[in-house]
Amino acid sequence: MAPDGTKPGRMKPDGMEIEVLVGNIVTYSVNAIVNAANERLAPGGGVCGAIFRAAGSGLVDECRVLGGCPAGEARITGGYNLPAEWIIHAVGPVWHDGKSGEPECLARCYRNALAFAADYGLAEIAFPAISTGIFGYPPKEAATIALAACRAHGETHASPKRVLLIAFDEAQATPLRDALHHANLTHG
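For clarity, every value in this text was computed on a predicted model and none was experimentally measured. (Residues numbered from 1 in each chain as written. Predicted model: local features only at pLDDT ≥ 70, side-chain atom pairs only at ≥ 80, totals over all residues. Heavy atoms only, no water.)

All right, on to the environment of His 96 then. You can see His 96 is positioned in the loop between strand E5 (86-91) and helix H3 (102-119). Its relative accessible area of 58% is what places His 96 among the exposed residues. Sequence separation of His 96 and Gly 136 is 40 residues, and the distance between their C-alpha atoms is 8.1 Å. (Helix = DSSP H or I, 4+ residues; strand = E, 2+ residues; numbered from the N terminus. Buried < 20%, exposed > 50% of the residue type's maximum accessible area, 1.4 Å probe, protein only.)

Enumeration according to the criterion identifies one cavity of 30 Å³ or more in this entry. Along the walls of the largest cavity sit Tyr 110, Ala 129, Ile 130, Thr 132, Pro 139, Ala 142, Ala 143, Ala 146, Gln 172, Pro 175 and Leu 176, which together make up its complete lining. Among the elements of the structure, helix H4 (139-156) and helix H5 (170-186) are those that each provide at least two residues to the lining of the largest cavity. Among the elements that make up the lining of the largest cavity, the one with the highest residue count is H4 (four residues). (1 Å grid on protein atoms, 1.4 Å probe; cavity = no way out; pocket = protein on both sides within 12 Å on 5 of 7 lines; lining within 4 Å. Points joined across faces, edges and corners; volume = space filled by probe spheres on them.)

The next subject is the pairing of E5. Of all the six residues making up E5, five are buried; the element is thus mostly covered by neighbouring parts of the structure. For strand E3 (residues 32-37) and E5, the ladder comprises six bridges, and the chain directions are parallel. Within the sheet, the bridge partner assigned to Ala 36 lies in E5 and is Ala 90. (Pairing = 2+ DSSP bridges.)

Before going further, it helps to spend a moment on the pattern of salt bridges. Across all of its chains, the model carries seven salt bridges by this definition. Arg 64 is the salt-bridge partner of Asp 61, the closest N and O atoms lying 3.3 Å from each other. Taken together, the residues span about one helical turn, with Asp 61 and Arg 64 both in helix H2 (residues 57-66) at a distance of three residues. Arg 64 gets classed as exposed once you look at its relative accessible area, which sits at 59%. Linking Glu 124 and Arg 162 is a salt bridge whose minimum nitrogen-to-oxygen distance equals 2.8 Å. In this pair, Glu 124 sits in strand E6 (residues 124-127) while Arg 162 sits in strand E7 (residues 162-167), placing the two residues 38 residues apart along the sequence. Exposure remark for Glu 124: the relative accessible area of 21% places this residue in the partly exposed category. A single network of salt bridges, built from pairs that share partners, joins Glu 19, Glu 124 and Arg 162. (Salt bridge = Lys/Arg side-chain N within 4 Å of Asp/Glu carboxyl O.)

Here the focus is the packing of H3 against H4. Remark: H3 packs on H4, axes separated minimally by 9 Å, with the N-to-C direction vectors making an angle of 35 degrees. In this structure, the crossing between H3 and H4 has a hand that is right-handed. Across the interface between the two elements, Pro 103, Leu 106, Ala 107, Tyr 110, Leu 114, Ala 115 and Ala 118 of H3 pack against Ala 142, Ile 145, Ala 146, Ala 149, Cys 150 and His 153 of H4. Looking at the contact of H3 with H4 residue by residue, the classes come out as twelve nonpolar, one polar and no charged. (Axes fitted to C-alpha atoms, helices over the stretch in contact; angles between N-to-C directions. Left-handed = near helix turned anticlockwise from the far one by under 90°. Contact = heavy atoms within 4.5 Å. Nonpolar A, V, L, I, M, F, W, Y, C, P; charged D, E, K, R; others polar.)

Structural data, given as structure tokens:
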């Protein structure tokens, strides 16, 4: 237990709980999961591919109708065969050098996904580590941006009440836990 009473890997800015977990995002029974989507909103690799495979063909059809999504923005669809009722498709930036607008684009991506959760009154949302896979965003920097966006949202919005940051393995969880630990130390 941390000195402030929080558990490692967990934070509560105002009314929102933020927690880092290791697992398969498609198995989480939350109101919405976030897809680390591509601009075409088409099946891809990594998290995106896993979500499309688990959700089924209805997701492909609905995404086709949406007509894509620019980087930094988000779209929402049904969850289809997933335990989650909704999928929020958030398109993160491709990493170039960190000087091409990537940090702001990634922050917008998280803010727009969280805005859908607030607009829909969702209590729980689960995020993958957006842009850290094939898009090449450095995990440590991405984790700091993700935590800052979630924390800022939690300080000004009633929902979601709980944000899960889902890492697919311990190596991916480490920068998320480090950013959460740092945020806990500076929260106040």
